[in-house]
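Inside the fold
Letter by letter, the chains look like this.
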Amino acid sequence: MCDDFAVEHGDPLLAVFVDEARTIGREGTRTPPEGGKVLAEFVERPEAPYHFTYGQFCSFSHRTLRSPPHDREFIVQAHVKMTARRSGAAALRLIAMSNTNGLDIAVIGATGAVGAVFLDVAAERDLPVGNLRLLATARSAGRELRYRDQTIAVRETTEEALDGADLVFCSATAAASRQWGPRIADAGGILIDDGSAFRMEPNVPLVVPEVNGEDVEWHEGIISIPNCTTTPLALVLHAMRTVAPLKRVTAATYQAVTGAGAAAAAELDAQLAAHGRGEDLPAPEQFPHQIALNVLPHVDAFEEDGYTREELKMRNETRKILHLADLPFSSTCARIPTMIGHAEAVHVEFSDQAPIGELRAALEAHEGIELMDDPAAAVYPTPLNTAGDDRTFVGRLRADPSVEHGAVFWCVTDNLRKGAATNAIQIAEELIRRGKL
Ligand code: 2RA
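Computed from a predicted structure; not experimentally measured.

Another point: the overall build of the protein chain. Helix and strand content of the protein chain: 10 helices and 21 strands. The buried share among the 437 residues of the protein chain stands at 42%. Residue pairs at least 24 apart in sequence account for 67% of intrachain contacts in the protein chain once pairs closer than 6 positions are excluded.

Set out below in structure tokens:
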């Protein structure tokens with residue numbers, strides 16, 4: 001559909017926000033900044049024209065964010081690029097508005113363990129996908145993947161394949177992130193990166209939306225998601241610090257093989273199958289030792305101080321997300337022969353009283369956290385009873401009598417969902433909500 005709308009200098013922008021067929025808010029006036037890129041959400045109301053508060057505009061493009069909640073209204077997202085041209089009254093031409101328009105999204109690493117889950121979660125959460133490009137290495141090009149009712153051929157990641165994408169999700173190697181990230185940002189797109197390449201860069205927000213969603217505001221084209229052990233930990237610590245300030249954190253992790261990728265999962269499968277048949281187990285390729293029937297205190301490479309990179313990621317990223325640059329922190333990360341779901345045993349010391357009842361209430365009230373804590377009935381989270389869920393599950397919450405104010409808990413999170421794909425999609429949703437996309 002195309003239409004023209006009168007825009008008069010000084011008139012207020014009318015924006016109506018609709019959520020699931022229900023009008024939840026109405027804003028009369030919004031004053032966009034002078035110059036630059038402005039983004040707004042509109043509801044078309046044939047009886048009321050669109051109005052803008054500014055007198056300078058415009059190149060105008062838009063996309064539909066959601067299907068029409070009813071016949072007469074639908075939401076579009078509009079990018080208005082301010083130019084020097086002043087206009088007292090002019091017409092905005094909406095270009096090819098339709099309910100099928102959406103974001104132009106590319107997924108780098110589409111054939112990987114996280115890529116597959118990304119497609120599931122994007123469909124479940126109704127991410128406004130207009131065009132979807134599924135990208136991978138040359139080796140995987142030509143494979144076909146399903147998204148909703150579409151079959152999409154995987155293409156090799158190239159500059160051309162990324163050209164014009166609004167949003168790119170990357171879950172591949174750090175080298176791939178480094179290769180494509182700056183180009184995507186320079187071209188005006190946004191990279192949401194699952195790798196470690198940019199997480200600690202000062203100009204790259206590292207975001208768990210339920211904790212520091214506001215940090216997306218200062219992105220410069222790249223936003224990182226945390227490591228899959230960091231995200232649940234930051235979430236739980238953020239809830240707990242509403243009871244008392246954090247003083248020190250120590251953690252031990254029990255990480256599923258899918259955290260190391262699809263090939264690592266295949267290796268565990270092959271070793272378990274051989275064991276079941278009573279055969280010699282295939283030699284390890286993805287891990288330094290046999291992973292089946294074993295536990296390896298070794299995730300990612302060792303650094304000179306004796307910690308692994310995984311352990312340092314957990315420390316540094318937790319500090320960045322919580323905005324606690326000096327939080328004392330130590331961890332030991334282990335790989336265990338489970339498929340999905342990273343578990344953590346965490347000791348938290350507080351600088352003031354933190355009664356367990358209050359911590360429990362804070363966790364219960366916090367978005368994204370689910371208490372599963374009735375040890376007498378053997379109720380606590382495990383990788384098997386939490387996989388496929390987007391929440392972080394907490395159990396075994398108890399006092400730590402070894403310090404003045406302390407607590408211990410156990411948490412489990414689906415590393416492919418909230419640990420990766422879901423968190424990335426939540427960041428996209430946060431950008432949309434804040435008018436940044
Ligand atoms: C792992 N957290 O589990 C790391 C990377 N996804 O190996």
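The contact between helix α5 (residues 230-240) and helix α7 (residues 309-322) brings their axes to 10 Å, and the two run at 45°. It follows from the interaxial angle that α5 and α7 lie oblique. Relative to α7, the crossing made by α5 is right-handed. Packed against α5, whose contacting residues are T230, L233, A234, L237 and H238, the element α7 presents K313, M314, E317, T318, I321 and L322 at the interface. Among the residues forming the contact of α5 with α7, the class breakdown is 6 nonpolar, 3 polar and 2 charged.

By size, the foremost hydrophobic cluster in this structure holds 94 residues, and its most contacted members are F118, V168, I192, V236 and A424. Both domains that furnish three or more residues to this core are identified here as domain 2 (103-226 + 421-433) and domain 3 (230-256 + 295-415). Non-local contacts of V236, meaning those with residues more than four positions away in its chain, are made with L363, I369, T392, V394, F409 and C411.

Below, the discussion takes up the pairing of strand β14 (residues 190-193). What you see with β14 is no split at all: I190 and I192 on one side and L191 and D193 on the other are buried throughout. Summarising the sheet, β14 and strand β15 (residues 222-224) pair through 3 bridges and their orientation is parallel. From the neighbouring strand, I192 faces β15, where its bridge partner is I223.

With that out of the way, let us pick up the site of the ligand. Surveying the vicinity of the ligand reveals the residues N227, C228, T229, Q255, G259, A260, V299 and E310. Its residues placed into classes, the shell around the ligand shows 3 nonpolar, 4 polar and 1 charged.

Here the focus is the sheet that holds strand β9 (residues 129-136). One open sheet accounts for 6 strands, arranged β12-β9-β8-β13-β14-β15; its pairing is parallel. Edge positions in the sheet fall to β12 (155-156) and β15, since each has one partner strand and no second. Packed onto the sheet, helix α3 (residues 174-186) meets β8 (103-108), β13 (167-170), β14 and β15 and runs at close to 155° relative to β14. Lying on the sheet, helix α10 (residues 417-433) is in contact with β13, β14 and β15; it crosses β14 at an angle near 150°.

Okay, unusual backbone geometry next. Of note in this structure, R148 is not a glycine but carries a positive phi near 50°. Structurally, R148 can be placed in the loop between β10 (144-147) and β11 (150-153). Unusually for a residue other than glycine, H323 sits at a positive phi of about 55°. Along the chain, the position of H323 falls in the loop between α7 and β17 (329-335).

Read across the sheet, 6 strands follow the order β17-β16-β18-β21-β20-β19 without closing on themselves; strand pairing throughout is mixed. At either end of the open sheet lies a strand with only one pairing partner, and these are β17 and β19 (369-371). Along the sheet, successive strands turn relative to each other by an average axial angle of 25°, direction set aside. Judged from the 7 bridges that link them, strand β16 (residues 246-255) and β17 form a sheet pairing that is parallel. Residue pairing for β17: Y254 is matched across the bridge by A334. Strands in contact with α7 are β16 and β17; relative to β17, the strand with the most contacts, it is inclined by about 135°.

Time to look at helix α6 (residues 262-276). Given a rise of 1.5 Å per residue, 15 residues ought to cover 21 Å, and the 21 Å separating the end C-alpha atoms of α6 matches this to within 8%. Among the residues of α6, A264, E267, L268 and Q271 are the ones counted as buried. Take α6 and look down its axis: the buried residues cluster within an arc of 95°, on one side only. Exposed and facing more than 90 degrees away from the buried side of α6 are A263 and G276.

On to α7, then. Structurally, the α-helix is built with 3.6 residues per turn, so residues lying three or four positions apart point the same way. Taking 1.5 Å as the rise per residue, α7 with 14 residues should run 20 Å; its terminal C-alpha atoms sit 20 Å apart, in good agreement. Those residues of α7 lying buried are E310, E311, K313, M314, E317, T318, R319, K320 and I321. As for α7, its buried residues are in contact with α4 (209-212), α5, β16 and β17.

With respect to the secondary-structure elements, V379 resides in the loop between β19 and α9 (383-386). Of the residues examined, V379 has 12 C-beta atoms within 10 Å and is grouped as exposed. Distance in space between the C-alpha atoms of V379 and R396 is 9.0 Å, their sequence separation being 17 residues. Those residues in contact with V379 that lie beyond four places of it in its chain are M372, D373 and D374.

What follows covers the environment of W218. Mapped onto the secondary structure, W218 falls in the loop between α4 and β15. For W218, a count of 10 C-beta atoms within 10 Å gives the class exposed. Along the chain, W218 and K436 lie 218 residues apart, while their C-alpha atoms are 9.9 Å from each other.

Calculation rules
- Residues numbered from 1 in each chain as written.
- Predicted model: local features only at pLDDT ≥ 70, side-chain atom pairs only at ≥ 80, totals over all residues.
- Helix = DSSP H or I, 4+ residues; strand = E, 2+ residues; numbered from the N terminus.
- Buried ≥ 20, exposed ≤ 12 C-beta atoms within 10 Å, placed from the backbone.
- Contact = placed C-beta atoms within 7 Å.
- Axes fitted to C-alpha atoms, helices over the stretch in contact; angles between N-to-C directions.
- Parallel < 35°, antiparallel > 145°, perpendicular 65-115°, else oblique.
- Left-handed = near helix turned anticlockwise from the far one by under 90°.
- Nonpolar A, V, L, I, M, F, W, Y, C, P; charged D, E, K, R; others polar.
- Core = buried A, V, L, I, M, F, W, Y, C linked by C-beta atoms within 7 Å.
- Domains from an automatic or database assignment.
- Pairing = 2+ DSSP bridges.
- Near = placed C-beta within 6 Å.
- Expected span 1.5 Å × (residues − 1).
- Arc of directions from axis to C-beta.

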